[in-house]
Amino acid sequence: MAGTIVRMMVVGTWLGFTLSQIGFSDYDQLHLMFTFQDLRMLFAFVGAVVIGSMGFCLLAKIGRRPKVHRPIHKGTILGGVLFGAGWALSGGCPAIPLVQLGEGTLPALVTAAGIVIGVVVFQWVQRRYLNWDTGSCLR
Amino acid sequence: MFVEGLWPWWLGALALGATCFGYPLLLGRSCTVSGFWGGVVNWRQEREAARAEAELAANPQAAEEAMLEAAMAELGGEIPEEIQAELEAMAAADPELTAPPTHAAPPRTAGPWGFLTFLVGLAAGGFIAALGRGEASLSLTMSPTFQAIFGSGALLALAFGGLLVGFGTQMAGGCSMGHGLSGTSNLQPGSLLSTASFMGTAVVVSMVLGRLI
Amino acid sequence: MAGCTRQSDCPLFERFIVSGSANIWRLLYCDKDEKFKTCARYEAGVNGRTVPVNLLPNGQLLRSMRMGADDVC
């Protein structure tokens, strides 16, 4: 079990470091990307997708391709729209407020709290009204 | 295109791309960050589930026996002939169904402590990066553009934005890592559609917000 | 094969495929168009709850340390 915790720490730290170094934790940079004034981070993201898919192909060749299964479901579009709006408002995908806290930006605490509340509210709405199959039982 | 202290686009692409397939290799599950937020919120359930997995993994033979026993109990003690026939037809039609798995059983879940560790790691990574750039310092404000757009409404924007992010990523079943990076590089339809939705919306909202400067 | 949309991801099948006993559940729940919605795993998933790996479609929790299974919620 300890080995798992260590690995989670390593990957989490690496991802936080990477996101900070690319500039995803900086609202200025993010705004420049989303308004197409500076495409640097967009190229980084698209490049990452390309390199990622090459990596998956290579792994398939040696028979070690991890399974990634994400079908379209009821929450796909609306969930994406709400997330995108939140991203433009708060400057973060779910990882970012934590990266920002590490960088010393204290207001990110508010963003993080908002995320927790959003998660809780959604789970309540799921139970009471929706019962949508969002694929969230993937481990 | 070049920003002082930050990585050029291609270095970012390499690092993030490596993370895309390195993550599942090291952690045994597909990329997610929103999933960990959900897991932390569901702390007690996740802890129970992690314990159950550990218990089953500790003795796979007993697990198999218990599974068979439970299945038999469901059928009332023995397998009726028509079910037996269907099972055989299933095995004949698709031998993979009863063959031993060709890959190892999925690694056990890290449990809520593992999820929390990952989230803390994100902060640690941010700290190290900022330290390296000589920018690690406590600040009570966000970046200049953010302050210019929201002014005194900054905290409200963060709270509401965070709420939308938390709610939306749970509804979509993924975030920019899970859908945007991992899902698109595997050409998964749900991820392609979700990524287009959140990117498109973020662009539109950002452009509208830009007019408030 | 109609039925449960989650079959390809369900850990129940990845873990218990050797004995084939998981396939009994497939016949009883997963492959049946309306029945799969009564599967405890499916229900937990669409209600935003964690799905324990040892949760059986009929709601019982599989325990390997002793014979038989417990009842759950």
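Definitions and limits used
Note that residues are indexed from 1 along each chain, following the sequence as it is written. Labels are handed out in written order, letters beginning with A for the chains and numbers beginning with 1 for the ligands. It should be noted that, the model being predicted, local features are given only for residues of pLDDT at least 70 and side-chain atom pairs only at 80 or more, the latter also being counted only at that level, while totals for whole chains, interfaces and linings use all residues. Only hydrogens and water are set aside when side-chain values are computed; all heavy atoms of the structure are taken into account. To qualify as a helix, a DSSP run of H or I must reach at least 4 residues; to qualify as a strand, a run of E must reach at least 2; elements of each kind are numbered from the N terminus. Any residue under 20% of the maximum accessible area for its type is buried, any over 50% is exposed, and the rest in between are partly exposed; the area is computed with a 1.4 Å probe on protein chains only. Only the protein chains shown count as cover for residues, and the accessible areas themselves come from Shrake-Rupley with a 1.4 Å probe. In this tally Asp and Glu are treated as negative and Lys and Arg as positive; neither His nor the chain ends contributes. Throughout, a charge is located at the NZ atom of Lys, the CZ atom of Arg, the CG atom of Asp or the CD atom of Glu. Patch construction takes residues with relative accessible area above 30% that form no salt bridge. Like charges are linked within 9 Å, and nonpolar side chains (Val, Leu, Ile, Met, Phe, Trp, Tyr) are linked within 5 Å. For salt bridges, the criterion is a side-chain nitrogen of Lys or Arg within 4 Å of an Asp or Glu carboxyl oxygen. Two residues form a contact once any of their heavy atoms are found within 4.5 Å. Summed over both partners, the accessible area (1.4 Å probe) lost when two parts come together is defined as the buried area. Throughout this description, a polar contact denotes any pair of N or O atoms lying within 3.5 Å of each other; where both atoms belong to protein, one of them has to be capable of donating a hydrogen while the other can accept it, and for residues adjacent in sequence the pair is counted only when both atoms sit in side chains. Put simply, Ala, Val, Leu, Ile, Met, Phe, Trp, Tyr, Cys and Pro go in the nonpolar bin, Asp, Glu, Lys and Arg in the charged bin, and everything else, Gly too, in the polar bin. Working rule for helices: expected span equals 1.5 Å times residues minus one. In this analysis, axes come from line fits to C-alpha atoms, helices being fitted only over the stretch in contact, and the angle between any two N-to-C directions falls in the range 0 to 180 degrees. The cut-offs work like this: below 35 degrees is roughly parallel, past 145 is roughly antiparallel, 65 to 115 is roughly perpendicular, and the gaps in between are oblique. Here a crossing is taken to be left-handed if its near helix is turned anticlockwise relative to the far helix by less than a right angle, and right-handed if that turn runs clockwise. Side-chain rings of Phe, Tyr and Trp, where Trp is taken by its six-membered ring, are said to pair if the distance between their centres is within 6.5 Å; with planes under 30 degrees apart they count as stacked, over 60 as edge-to-face, and otherwise as tilted.

> So what exactly am I meant to see when it comes to the overall build of chain A here?
Across its full length, chain A holds 6 helices and 0 strands. Helices (α) and strands (β) of chain A occur, in sequence order from the N terminus, as α-α-α-α-α-α. Principal axes of the C-alpha set define a box for chain A whose edges measure 45 × 40 × 40 Å. Relative to its full complement of 139 residues, chain A shows a buried share of 58%. Carbon together with sulfur atoms contributes 72% to the accessible area of chain A, which is approximately 5,500 Å² in total. For chain A, the distance from the average position of its 11 positive side-chain charges to the average position of its 5 negative side-chain charges is 22 Å.

> Mind showing me how you'd approach a nonpolar patch on the surface here?
Nonpolar side chains collect at one region of the surface, where A:M9, B:W113, B:L116 and B:V120 lie side by side and expose about 360 Å² of accessible area between them. With 3 residues, helix α6 (residues 111-133) of chain B is the largest single contributor of residues to the nonpolar patch. By the element assignment, B:W113 lies in helix α6.

> I keep staring at the interface of chain A and chain B and nothing clicks. Help me out?
Interfaces are often sized by the amount of accessible area the parts lose when they come together. Taken together, the contact between chain A and chain B spans 101 residues of the former and 117 residues of the latter. Counting the surface lost from both chain A and chain B, the interface buries some 9,700 Å², and carbon and sulfur atoms represent 74% of this. The tally of links between chain A and chain B comes to 1 salt bridge. Put simply, chain A and chain B have 24 residue pairs in polar contact (both at pLDDT 80 or more) between them. If you list the elements that add at least two residues to the side of chain A that touches chain B, you get α1 (2-22), α2 (27-34), α3 (40-61), α4 (76-90), α5 (96-103) and α6 (108-130) of chain A. Its residues assigned to classes, the side of chain A that touches chain B comprises 56 nonpolar, 34 polar and 11 charged.

> Teacher, can you tell me more about unusual backbone geometry here?
Where the residue is not glycine, phi is negative for most of them; where a peptide bond is considered, it is trans in most cases. Even without being a glycine, A:N131 presents a positive backbone phi close to 55 degrees. Along the chain, A:N131 turns up in the segment after α6. Even without glycine at this site, B:L187 takes up a positive phi of about 55 degrees. Along the chain, the position of B:L187 falls in the loop between α9 (176-185) and α10 (189-210). Overall, B:L187 belongs to the exposed group, its relative accessible area being 64%.

> Where do I start with α6(B) in this structure?
Owing to its 3.6 residues per turn, the α-helix brings residues three or four apart onto one side. Taking 1.5 Å per residue, 23 residues should reach 33 Å; α6(B) reaches 34 Å between its end C-alpha atoms and fits that length. One or two positions beyond α6(B), positive phi appears at B:G134, with a value near 70 degrees.

> Quick question: what am I supposed to make of the environment of B:G111 here?
Residue and element names in this part refer to chain B. Of note, G111 is situated in helix α6. Residue class for G111 comes out buried when judged on its relative accessible area of 2%. Residues G111 and R51 lie 60 residues apart in sequence; the distance between their C-alpha atoms is 8.4 Å.

> In this structure, what is going on with the packing of α4(A) against helix α8 (residues 154-172) of chain B? I would like to understand it.
Each packed pair of helices is defined by two parameters, the angle between the axes and the distance between the axes. Close contact between α4(A) and α8(B) brings their axes to 7 Å; oriented N to C, the two are set at 155 degrees. The pairing of α4(A) with α8(B) is recorded here as roughly antiparallel in orientation. As for the relative orientation of α4(A) and α8(B), their crossing is left-handed in sense. Across the interface between the two elements, A:T76, A:L78, A:G79, A:G80, A:L82, A:F83, A:A85, A:G86, A:W87, A:L89 and A:S90 from α4(A) touch B:A157, B:L158, B:F160, B:G161, B:G162, B:L164, B:V165, B:F167, B:G168, B:T169, B:M171 and B:A172 from α8(B). A breakdown of the residues in the contact of α4(A) with α8(B) according to their chemical character gives 14 nonpolar, 9 polar and no charged.

> Explanation requested: the packing of helix α4 (residues 60-74) of chain B against helix α2 (residues 22-30) of chain C in the structure shown.
The interhelical angle for the contact between α4(B) and α2(C), taken along N-to-C directions, is 30 degrees, at an axis separation of 9 Å. When the axes of α4(B) and α2(C) are compared, the crossing they make is left-handed. Of the residues in α2(C), those in contact with B:M67, B:A70, B:A71 and B:E74 of α4(B) are C:A22, C:I24, C:W25, C:L28 and C:Y29. Of the residues in the contact of α4(B) with α2(C), the class split is 8 nonpolar, no polar and 1 charged.

> Would you mind going over the packing of aromatic side chains with me for this structure?
The description of two aromatic rings rests on the distance between their centres and on the angle between their planes. A complete count under the given rule lists 18 aromatic pairs over all chains for this structure. Taking the centre distance of 6.4 Å and the plane angle of 75 degrees together, the rings of A:F24 and A:F45 count as edge-to-face. Highlighted residues: A:F24 in the loop between α1 and α2 and A:F45 in helix α3, separated in sequence by 21 residues. Note on A:F24: relative accessible area 5%, which makes it buried. Aromatic rings pair up to connect A:F34, A:F83, A:W87 and B:F198 into one cluster.

> Explain the environment of B:T19 here, please?
Residues and elements named next belong to chain B. Mapped onto the secondary structure, T19 falls in helix α1 (residues 9-27). Exposure remark for T19: the relative accessible area of 4% places this residue in the buried category. Along the backbone, T19 and I213 are 194 residues apart, and their C-alpha atoms lie at a distance of 35 Å.

> In this structure, what is going on with the pattern of salt bridges? I would like to understand it.
Inspection of every chain in the model, using the stated rule, returns 5 salt bridges over all chains. Here C:R6 ties to A:D133 by a salt bridge, and the two come within 2.4 Å at their closest N and O atoms. Of this pair, C:R6 sits in the segment before α1 (11-15) while A:D133 sits in the segment after α6, each in a different chain. Comparing C:R6 with A:D133 shows no difference in burial state: the two are buried. Salt-bridge contacts for C:E34 lead to C:K37; the nearest nitrogen and oxygen are separated by 3.7 Å. A residue is classified by how much of its surface remains accessible, and C:E34, at 57% relative accessible area, is exposed.

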